Amino acid sequence: MTAVPNNSIELVTILGTGPAGLTAAIYAARANLRPLCIEGEQPGGQLTITSDVENFPGFPEPVMGPVLMDNFRRQAERFGTRIIQGIVKKADLSKRPFVLEFADGQSIKTRSLIIATGASAKWIGIPSERTLRGKGVSACATCDGFFFRNLDVAVVGGGDTALEEANFLTRFAKTVTIIHRRDKFRASKAMQEKVQKNSKIRFVWDSAVQEILGEHAVTGVRLLNLKTNETQDLALHGVFVAIGHEPNTGPFREQLKSTESGYLITEPDSTRTNIPGVFAAGDVADHVYRQAVTAAGRGCMAAIDAEHFLEDES
Ligand code: NAP
């Protein structure tokens, strides 16, 4: 980890060390821009809490998410990327160089900025989910699945993430119940077939989690059937929430154009945002594809866009 002097003026600063951020770093470093990459709360991004990655091109055999991200990182560092840890609390994008202020009071200036801060798991929003988080409630099967050996757990959601998590949890749990608010999954057909074939997986349709039961640990869930309005309690030891993600736009939200759900908007066929010199790549600006490979592709584009911007500016 490199220390960066307070008040340094950088050519390219990249926020985020997921596939988008580190690919941007590889390309910017190879263009001799000496990028500074800022690692936030989840170094390596969402792939570090994933088990086997089976769809990243170039890996005919499954590769563990953390291993893949470590490869990205070493490749970025090999070409001179400096990686530091820091949480950006404030950003002034009103004039160049832009100013980024960190939680520890340090600040840096940068002539261009690539935002690759990714997205974070969404929560249902009920109080019991908060009080029981870490006591049986989780949003990461890869991180916490191991604790539910031979126990009954539920996964909430009907997308690819929920079904993938459910499948993964069957490695440990006795049963996995997928609770979905509709009677049709949003997940891909392949993923649906996989869960249908898994004898440990059960399904509860048309239902919302009204409350997670338990005082010091999860003992069950109270479900509301959205069609019949009836409630039922289900005894469980763990609840995995997998209902999608929201973009980490933090201190940029007010200054950059975003969609209604908060994803940064970039120009068509480019990673340019509405502020010249600020680029966005990966899940923070993508609510559609959200794949490691698409994030990496956008990271590459962002580095090239930043390079062109700096050339035109000088
Ligand atoms: P998603 O596709 O947005 O699915 C979210 C699911 O959660 C939906 O089924 C949604 O229900 C449900 N949901 C949302 N808010 C809810 C709430 N408040 N209460 C209860 N349920 C709620 O999100 P995702 O599964 O995280 O996937 C995101 C993207 O990543 C997708 O494009 C997906 O294909 C991709 N992905 C791919 C892979 C893979 O290829 N291996 C793995 C994971 C994710 P409704 O269906 O009713 O809206």
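As shown above, the structure is provided for reference.
My aim in this report is to walk through the structure given alongside it, one point at a time. Small disclaimer: the values here were computed from a predicted structure and weren't measured.

1. Description of the pairing of strand β1 (residues 9–15)
Taken residue by residue, a regular strand's side chains alternate between the two faces of the sheet.
Logical step 1: Among the seven residues in β1, five count as buried, and that is most of the element.
Logical step 2: When β1 meets strand β8 (residues 107–115), the two strands line up parallel, connected through six bridges. Bridging from a neighbouring strand, threonine 13 pairs with leucine 113 of β8.
Logical step 3: With three bridges connecting them, β1 and strand β2 (residues 36–39) associate as parallel partners. Bridge assignment links threonine 13 to a residue of β2, and that residue is leucine 36.
Logical step 4: For the crossover from β1 across helix α1 (residues 19–30) to β2, the handedness is right-handed.

2. Some points on the state of the cysteines
Logical step 1: Within the structure shown, the criterion is met by zero disulfides.
Logical step 2: For the unlinked cysteine cysteine 37, the closest cysteine sulfur is that of cysteine 300, found at 15 Å.
Logical step 3: For cysteine 37, a relative accessible area of 0% puts it in the buried group.
Logical step 4: You can call cysteine 300 buried: its relative accessible area is 16%.

3. Things to note about the packing of aromatic side chains
The relative placement of two aromatic rings is captured by the distance of their centres and the angle of their planes.
Logical step 1: Inspection of the entire model under this criterion finds ten aromatic pairs.
Logical step 2: Considering the side-chain rings of phenylalanine 146 and phenylalanine 147, the 6.4 Å spacing of their centres and the 80° angle between planes classify their relative orientation as edge-to-face. Side by side, phenylalanine 146 and phenylalanine 147 carry an identical accessibility label, which is exposed.
Logical step 3: When the ring of phenylalanine 148 is compared with that of phenylalanine 240, the centres are 5.4 Å apart and the planes differ by 75°; the resulting orientation is edge-to-face. One end of the pair, phenylalanine 148, is in the loop between α4 (141–144) and β11 (152–156); the other, phenylalanine 240, is in strand β17 (residues 238–241), and 92 residues separate them in sequence.

4. Regarding the sheet that holds strand β15 (residues 220–225)
Logical step 1: Overall, antiparallel pairing links the three strands, which are arranged β14-β15-β16 in an open sheet. Looking along the sheet, the strands with just one partner apiece sit at the ends: β14 (207–213) and β16 (231–235). In this sheet, adjacent strand axes meet at a mean angle of 30° when their direction is disregarded.

Conventions used here
- Residues numbered from 1 in each chain as written.
- Predicted model: local features only at pLDDT ≥ 70, side-chain atom pairs only at ≥ 80, totals over all residues.
- Heavy atoms only, no water.
- Buried < 20%, exposed > 50% of the residue type's maximum accessible area, 1.4 Å probe, protein only.
- Helix = DSSP H or I, 4+ residues; strand = E, 2+ residues; numbered from the N terminus.
- Pairing = 2+ DSSP bridges.
- Right-handed = clockwise from strand over helix to strand, strands pointing away.
- Disulfide = S-S within 2.5 Å.
- Phe/Tyr/Trp six-rings, centres within 6.5 Å; stacked < 30°, edge-to-face > 60°.
- Axes fitted to C-alpha atoms, helices over the stretch in contact; angles between N-to-C directions.

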